[in-house]
Amino acid sequence: MGTDTLDQQPIARTVGRRLTLPVGRPPSAAARAALAAMAAKLTRTPKGVIRYANHDDMIRDRERWTVEAMVALARSRG
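Residues numbered from 1 in each chain as written. Predicted model: local features only at pLDDT ≥ 70, side-chain atom pairs only at ≥ 80, totals over all residues. Heavy atoms only, no water.

**Quick look at the overall build of the chain**
In step 1: For the chain, the count of helices and strands is 2 helices and 0 strands.
In step 2: Evaluated residue by residue, the chain yields a buried proportion of 3% over its 78 residues.
In step 3: Within the structure as shown, the chain displays about 7,800 Å² of accessible surface, and the carbon and sulfur contribution to it stands at 59%. (Helix = DSSP H or I, 4+ residues; strand = E, 2+ residues; numbered from the N terminus. Buried < 20%, exposed > 50% of the residue type's maximum accessible area, 1.4 Å probe, protein only. Areas by Shrake-Rupley, 256 points an atom, 1.4 Å probe, with all protein chains shown as cover.)

Dropping the structure here:
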């Protein structure tokens, strides 16, 4: 076979196509509602890039942030 890159599997694949709206046309009401719903979600995860020494530290922080979000949601529901 050799080192020819043509016989290798592609790294990325395109699934579906993004629809491009004409310039100056606002998004649909459904698209705006979906964006608003996603923007309102609080993740409790700090923004930015965090580098960890190992996976255990990353998992510990992610679980802590998840539990904090669950507690905040439970308290807000009463």
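Alright, that's what it looks like, and here's the rest.
**Let's talk about helix α1 (residues 29–40)**
In step 1: The first and last C-alpha atoms of α1 sit 16 Å apart over 12 residues, in line with the 16 Å expected at 1.5 Å per residue.
In step 2: The buried fraction of α1 is low, at 0 of 12 residues. (Expected span 1.5 Å × (residues − 1).)

**Considering the pattern of salt bridges**
In step 1: This structure, assessed with the given rule, holds 4 salt bridges.
In step 2: For the salt bridge of Arg64 with Asp61, the shortest nitrogen-to-oxygen distance reads 3.0 Å. With a gap of 3 residues between them, Arg64 and Asp61 both fall in helix α2 (residues 55–77), about one helical turn apart.
In step 3: Residue Arg64 is classed as partly exposed on the basis of its relative accessible area of 40%.
In step 4: Using a relative accessible area of 11% as the deciding quantity, one classes Asp61 as buried.
In step 5: Across the pair Glu68 and Arg64 runs a salt bridge whose closest N-O atoms are separated by 3.8 Å. Residue Glu68 and its partner Arg64 are located together in helix α2, separated by 4 residues, close to a single helical turn.
In step 6: Looking at Glu68, the relative accessible area reads 37%, which means it is partly exposed. (Salt bridge = Lys/Arg side-chain N within 4 Å of Asp/Glu carboxyl O.)

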